[in-house]
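# Inside the fold
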Amino acid sequence: MSTHSLQLINQLQKRAKEFRKKIIEMIYIAQSGHPGGSLSAIDIITVLYFHHMRIDPSNPLWEDRDRFILSKGHSVPALYVVLAELGYFPEKELYSLRNINSILQGHPDMRKTPGVEMSTGSLGHGLSVGVGIAISGKLKKKDFYVYVLLGDGELDEGSVWEAAISANKYSLDNLIAICDFNKVQLDGPVDEIMPLNPLRQKWEAFGWNTIEIDGHNILEIANALDFAKEKRKGPTIIIAHTIKGKGVSYMEGKFQWHGGAPNQKQYELALKELEGEK
Amino acid sequence: MKKSVAIRDAYGDALVQLGKNNRKVVVLDADVSHATRTNKFAQEFPDRFFNFGVAEQNMMGVAAGLAIEGWIPFVNTFSFLACLRAGDQLRTSIAYPKLNVKIAAHHGGLSNFSDGVTHQSIFDLALVRSIPNMTVIVVADAYETKKAVQAIAEWKGPVFLRLSKAEVPLIFDEDHEFIIGKGNLLKEGTDITIVCTGVMVSRSMEAAERLEKQGINSRVIEIHTLKPIDKDIILNAAKETKAIVTVEEHSIYGGLGGAVAELLSREHPVPLEIVGIQDTFAESARSYDELLDKYALGISDIVEAVNRAVQRKNHFN
Ligand SMILES: Cc1ncc(C[n+]2csc(CCOP(=O)(O)OP(=O)(O)O)c2C)c(N)n1
């Protein structure tokens, strides 16, 4: 069923590889940030912005644009690198991350950063906001989509599930959630800290369409986004199986790299690995 | 420069000590045990440690249940989450029925300087101070943290203990006497009184030193218990020095400044200046000091406020 050319897939892969390096560089320079969840989410965000979403970087507030809400706001380096590449703000700003007076805050700030749709950082808020924007889309008879990226740890928050039942009530087929299911939260593995399984059945029981994919496979991400937009009733969630810290061997699967900056040696090693990564 | 120790490290150690001495103490966390340092307690007493994941409201409610059953729950999360996200549970399930829950409110003020606005807690004190039955404590250094943990475990009823992520210069020592509701005189003085709390105590002491050089002799009082506040020490200072400046890592609304203003306006009005964050959100920064300075919490801000208050006092006399 795929209409995605090999060329497109290769090109997106290349972009994601460059983004991974920049994410590490930014966090290294700022000496703080959240590498783990940024690296697990970057493939998804890359496909959304460079292939899937209807956007116009020269007109960030265009009424008909698709909206992306980074509900797991701590992964914002992964959003900043994409927005900079698209020209929402100058590339050099990336290296002012978390600096005083910077337009790039430690967590997304819709009033400071062009292209950021919603201020987030306290977990469990983004899906509700997405429901609001999706309802507005219906009221205004607009055909834009609303995408919300959630963390798996974030799903512990009851408010996510309050948003979920309301999205079902209002049959929001213009709302697409993506769960970055990297199996690790801040304190440790999801299975230990707060088990979520059976995750897919939970969302199904809440009336959502569901699809499970490999969240690092560009083709699967692209296909899943198409699936979510095929005419169907109600909201859809893409459960994307990912690896926290993906691409940097010593970070992969490690809760210790949820938050924290690499030192110089670790930084150089990370860049070397990411350079070699296919 | 005095040695600095992270308040959260002192808290983590104090909690382990408390766990050894008091078997009724149980510790709850919401997926931030590495940040709050409750991971030490978790290691030592796995049976009395509960991690509820990223779900602060549930954790707060569970603490109420445990308290009803006679346990002494220490609930741990970031301060803004304790009083905002789980604020209704705090009010309805804990403060209203006066349950014996200790809320350890982490990363108070701007101490999480790098994560930015969403992770900073700059109006937490105003919120919890206005809830009936709450005892509100803000610690100033590692020694005080240790003493406070012990004291609140023995105190009956809900307590909000505001902690900090920051490494803070030591003010007290092993012999520090910590009594809930009692302020501490840190420096004698006759021209004015600086009433300060938390992380701002060390900056206030530095300001007082600078002021001496200018010829202003200021008294410095540390208030760790914002509620119930030590009325006597503040009213005496108002009567004797005839002007007061409050200093806190918090909004100028409703915190220590608010508490002192409420007291003075009722009992003994004198010129009062409130040093704090000016009704604004802050931002991310790469250094804590830089952020404090930008948001009106610099030593020079204290010095200027003292000068204003002294001028007003002289104008009155
Ligand atoms: C409401 C709230 N509670 C706690 C935190 C602190 N915190 C930041 S990230 C995080 C873990 C999130 O885990 P997950 O959603 O799985 O993120 P990912 O692994 O994708 O980075 C926690 C507890 C927060 N930001 N907001």
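The rules behind these values
Residues numbered from 1 in each chain as written. Chains lettered and ligands numbered in written order. Predicted model: local features only at pLDDT ≥ 70, side-chain atom pairs only at ≥ 80, totals over all residues. Heavy atoms only, no water. Pairing = 2+ DSSP bridges. Helix = DSSP H or I, 4+ residues; strand = E, 2+ residues; numbered from the N terminus. Axes fitted to C-alpha atoms, helices over the stretch in contact; angles between N-to-C directions. Contact = heavy atoms within 4.5 Å. Near = heavy atom within 4 Å. Polar contact = N/O pair within 3.5 Å; in protein donor to acceptor, adjacent residues only side chain to side chain. Areas by Shrake-Rupley, 256 points an atom, 1.4 Å probe, with all protein chains shown as cover. Nonpolar A, V, L, I, M, F, W, Y, C, P; charged D, E, K, R; others polar. pLDDT = per-residue confidence, 0-100. Salt bridge = Lys/Arg side-chain N within 4 Å of Asp/Glu carboxyl O.

## Some details on the sheet that holds strand β3 (residues 175–181) of chain A
Residues and elements named next belong to chain A. Within the open sheet, the 5 strands sit side by side as β1-β2-β3-β5-β4. Their pairing is parallel. Lying at the two open borders of the sheet, with one neighbouring strand each, are β1 (67–70) and β4 (209–214). Strand after strand, the sheet turns through a mean of 20 degrees between neighbouring axes, direction not considered. Bridge analysis of strand β2 (residues 146–151) against β3 gives 6 bridges, and the strand direction is parallel. Bridge pairing in β3 links Leu149 to Ile178. Along the sheet, helix α8 (residues 218–229) makes contact with β2, β3, β4 and β5 (236–241), crossing β4 at roughly 170 degrees.

## Observations regarding the site of the ligand
Taken together, the neighbourhood of the ligand is formed by 25 residues, with Lys72, His74, Asp152 and Lys244 of chain A together with Glu56 of chain B sitting nearest. Among the chains of the assembly, those with residues near the ligand are chains A and B. One nitrogen or oxygen atom from the side chain of Asp152 of chain A is found 2.4 Å from an oxygen atom belonging to the ligand. In the environment of the ligand, a nitrogen atom lies 3.3 Å from a nitrogen or oxygen atom belonging to the side chain of His119 of chain B. In isolation the ligand offers 590 Å² of accessible surface; the protein chains occlude 99% of this area. A class-by-class count of the residues in the shell around the ligand yields 7 nonpolar, 10 polar and 8 charged.

## A short note on the confidence of the model for chain B
Interpretation of this model should avoid reading the predicted coordinates in detail wherever pLDDT is low. Of all residues in chain B, 99% have pLDDT values of 70 or greater, and the mean over the chain is 98. The complex prediction reports pTM at 0.97, with the ipTM value standing at 0.95.

## Focus on the sheet that holds strand β14 (residues 272–277) of chain B
Residue and element names in this part refer to chain B. Read across the sheet, 5 strands follow the order β9-β11-β10-β13-β14 without closing on themselves; strand pairing throughout is mixed. Each edge of the open sheet carries a strand with a single partner, namely β9 (184–187) and β14. Ignoring strand direction, the axes of neighbouring strands in this sheet form an average angle of 25 degrees. Across 5 bridges, strand β10 (residues 192–196) lies against strand β11 (residues 218–222) in parallel orientation. Each bridged residue has a counterpart across the sheet, and for Ile192 the counterpart in β11 is Ser218. Where helix α10 (residues 231–241) meets the sheet, its contacts fall on β9, β10, β11 and β13 (244–251), and the angle it forms with β11 comes to roughly 170 degrees.

## A closer look at unusual backbone geometry
Outside of glycine, negative phi angles account for most residues, and trans bonds account for most peptide bonds. A cis geometry characterises the amide bond from Asn197 of chain A onward to Pro198 of chain A, with omega recorded as 0 degrees. With respect to the helices, strands and loops of the structure, Pro198 of chain A is situated in the loop between α6 (190–193) and α7 (199–205). Residue Pro228 of chain B is reached from Lys227 of chain B by a cis peptide bond, and omega for that bond is 0 degrees. Tracing the backbone through its elements, the reader meets Pro228 of chain B in the loop between β12 (225–227) and α10. Even without glycine at this site, Lys183 of chain A takes up a positive phi of about 70 degrees. Note that Lys183 of chain A resides in the loop between β3 and α6.

## Observations regarding the pattern of salt bridges
Counted by the stated rule, this structure contains 30 salt bridges over all chains. A salt bridge links Arg232 of chain A to Glu230 of chain A; the shortest N-O distance between them is 3.1 Å. With a shortest N-O distance of 2.8 Å, Glu262 of chain B and Arg129 of chain B are connected by a salt bridge. With a gap of 133 residues between them, Glu262 of chain B in helix α11 (residues 256–267) and Arg129 of chain B in helix α7 (residues 124–129) connect regions that are remote in the sequence. Through salt bridges that share partners, Arg15, Lys22, Glu85 and Glu91 of chain A make up one connected network.

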